[in-house]
Amino acid sequence: MNAVLQHDLNDFENILEKAKQQGLGFLNNLDTIPTSNKETIDINRDLNELGLGSLAALEEFNTRLAPLMVASPGPRYWGFVTGGSTPASIVGDWLASVYDQNTQAVKAQGGATALIEFETINLLLQLLDLPKSFLGGFVTGATMSNFTCLGVARQWYGKQFGKDFAKEGISETIHILSATPHSSSIKTLSMLGIGSNNYTTIKTIEGNREAIDIEDLERNIETLNGKPFILISSAGTVNTADFDDFEAISKLKEKHNFWWHIDAAFGGFAAVSEKFKPYVRGWEGADSITIDCHKWLNVPYESAFYLIKKEHVNLQVETFQNTNAPYLGNPLENFNYLNVLPENSRRLKALPVWFSLLAYGKKGIQDIVENSALMALHFGNALVEDGNFELMARIRLNNVCFTLKGDHNQEKVMAFLTSLNDSGKVFMTPTVYRGRKGIRASFVNWRTSENDIRIVIEEMKAVFSEVY
Ligand SMILES: *Cc1c(COP(=O)(O)O)cnc(C)c1O
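Bear in mind that the values here come from a model prediction, so they are computed numbers and not experimental data.

What counts, and where the lines are drawn
- Residues numbered from 1 in each chain as written.
- Predicted model: local features only at pLDDT ≥ 70, side-chain atom pairs only at ≥ 80, totals over all residues.
- Heavy atoms only, no water.
- Helix = DSSP H or I, 4+ residues; strand = E, 2+ residues; numbered from the N terminus.
- Rg over C-alpha atoms; globule rule 2.2 N^0.38 Å.
- Buried < 20%, exposed > 50% of the residue type's maximum accessible area, 1.4 Å probe, protein only.
- Contact = heavy atoms within 4.5 Å.
- Areas by Shrake-Rupley, 256 points an atom, 1.4 Å probe, with all protein chains shown as cover.
- Lys, Arg positive; Asp, Glu negative; His and termini not counted.
- Charge placed at Lys NZ, Arg CZ, Asp CG, Glu CD.
- Near = heavy atom within 4 Å.
- Polar contact = N/O pair within 3.5 Å; in protein donor to acceptor, adjacent residues only side chain to side chain.
- Nonpolar A, V, L, I, M, F, W, Y, C, P; charged D, E, K, R; others polar.
- UniProt positions renumbered as here; feature names shortened; annotations may be inferred.
- Phe/Tyr/Trp six-rings, centres within 6.5 Å; stacked < 30°, edge-to-face > 60°.
- Lys NZ or Arg CZ within 6 Å of the ring centre and 35° of its normal.

(A) Structural context of the overall build of the protein chain. Helix and strand counts for the protein chain stand at 14 helices and 11 strands. Computed over its C-alpha atoms, the radius of gyration of the protein chain comes to 24 Å, within 12% of the 23 Å expected for a compact globule of 468 residues. Expressed as lengths along the three principal axes of its C-alpha atoms, the size of the protein chain is roughly 70 × 60 × 45 Å. Split into buried and exposed, the 468 residues of the protein chain put 51% on the buried side. Nonlocal contacts in the protein chain, meaning residues at least 24 apart in sequence, comprise 72% of its contacts between residues at least 6 apart. Within the structure as shown, the protein chain displays about 21400 Å² of accessible surface, and the carbon and sulfur contribution to it stands at 52%. Taking the 43 positively charged and 54 negatively charged side chains of the protein chain as two groups, their mean positions are separated by 4 Å.

Below, the structure is given as structure tokens:
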């Protein structure tokens, strides 16, 4: 064994202890670590001939790289839809690295850790009150989950014409309908060879809504003259956390032949609260659902899962079967993740979620979701009270979309947001909503408290008076 490796092996306990202390130094100070910084590094470091050993590498990490880190798992990082990581999820994540399994099969072929993933999906179905008719698995994020689901939808579409798109390529125009698709679904259309331009935008409900107008959807379906289509619907749009009407879409499913996909990246967690559950009523009728865990479930990146109805498993295998795999027989019996999703080798991605669900239970997740929604309301109320801001939409769940009050202030929105983000006290994302510049604050972090709202509002007042 290489001498440096041998030295590290002998010193392993001490090295891990140092890493633990370092981790605690970050996590215990998230409150005061800036949410943004202007640090940069010279990336042209020469590779050393002889190894430094883990501890010296850690020292260099601390002097050169650690300053780049921002408090994105902290309570005031409200940009994008950014979750933190709970203690149990970090335990799961660390142990996933320690055990370093290649999670694929459910029957022991050198390990059956896919059973852990099955159990985790089963726990998630219970959490979200979804039926066991869904089969699920973990991927890196909602983008890859959308890719997996829509990949199977593409295969389903070909089958409606007796064609195998996975084998032969796409030879029919694929009709995709959606009202407010997330950018990652559009990216997925590009990756799947369908084309990012090739979808039809359905109107949204009148009156400041992002949800699909069912009547306009029906009109568009009529023009297809009975041809199949794929519907990409939303459970939680990023600007206003709006939800399509899933009960109405379920009814359409009785009359029309389409693949129904729901992007529920963060909004799916509405299901864990009695208060918000009505938003997702009827979603169990979907063919496929995308849900992120690194957002509202507060597990570390990269964690998301897809749910696809079991009845479609053959289409799923046709789409993702590894060509070197032996004949599968019944894919459910000889189940292997490498045949049903994009990746072949994969870590035990389910473990951080498994730990979180066991550690905090249904109630723990419900409390996170309801606290986030409450913080969104508090923040919204404080903005209105302040008088210099206006809400661009009703706060339905956890996202607050707002802007500087008055159209004459539109040109100042970006300058305001840049100064605010530069303060390092909070981070929010710019957006455009209904043709106007706005700012989006998304509440999903388990740590966020009323005190954080106070800190941010104070900072916003200060920045506002600066910008003017
Ligand atoms: C965040 C998000 C995505 C993309 O998720 P990633 O985890 O970043 O890949 C897709 N859809 C919606 C609605 C989202 O909020």
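There's plenty left to go through after this.
(B) How the structure looks around the site of the ligand. Taken together, 13 residues are adjacent to the ligand, and Thr-143, Asp-263, Asp-292, His-294 and Lys-295 come closest. One nitrogen or oxygen atom from the main chain of Ala-142 is found 3.0 Å from an oxygen atom belonging to the ligand. Contact distances for the ligand include 2.7 Å between an oxygen atom and a side-chain N or O atom of His-294. Surface burial for the ligand is 83%, taken as the share of its 380 Å² of free accessible area covered by protein chains. Split by residue class, the shell around the ligand holds four nonpolar, six polar and three charged.

(C) Geometry of the UniProt feature "modified residue: N6-(pyridoxal phosphate)lysine" (unreviewed entry) in the protein chain. Under the UniProt annotation, "modified residue: N6-(pyridoxal phosphate)lysine" (unreviewed entry) lies at Lys-295. Counting through the fold element by element, Lys-295 comes out in the loop between β6 (288–292) and β7 (304–309). Lys-295 gets classed as buried once you look at its relative accessible area, which sits at 13%. If we ignore the near neighbours within four places in the chain, the residues touching Lys-295 are Val-81, Gly-83, Ala-265, Phe-266 and Val-444.

(D) Representation of the environment of Phe-118 within the structure. Within the secondary structure, Phe-118 sits in helix α5 (residues 114–127). Separated by 17 residues in the primary sequence, Phe-118 and Leu-135 place their C-alpha atoms 8.4 Å from one another. With residues up to four places along the chain from it excluded, the contact list for Phe-118 reads Val-106, Phe-335 and Tyr-337.

(E) Layout of the environment of Leu-9. Structurally, Leu-9 is set in helix α1 (residues 3–10). Take Leu-9: its relative accessible area is 47%, and that puts it in the partly exposed class. As a C-alpha pair, Leu-9 and Gly-53 span 44 residues in sequence and 10.0 Å in three-dimensional space.

(F) Examining the packing of aromatic side chains more closely. By the definition in use, this model includes 23 aromatic pairs. Aromatic ring contacts, followed pair by pair, group Trp-78, Phe-379, Phe-389, Phe-402, Phe-416, Phe-443 and Phe-464 into a single cluster. In this structure, Arg-346 is placed above the aromatic ring of Tyr-337, and the distance from its NZ or CZ to the ring centre is 4.4 Å.

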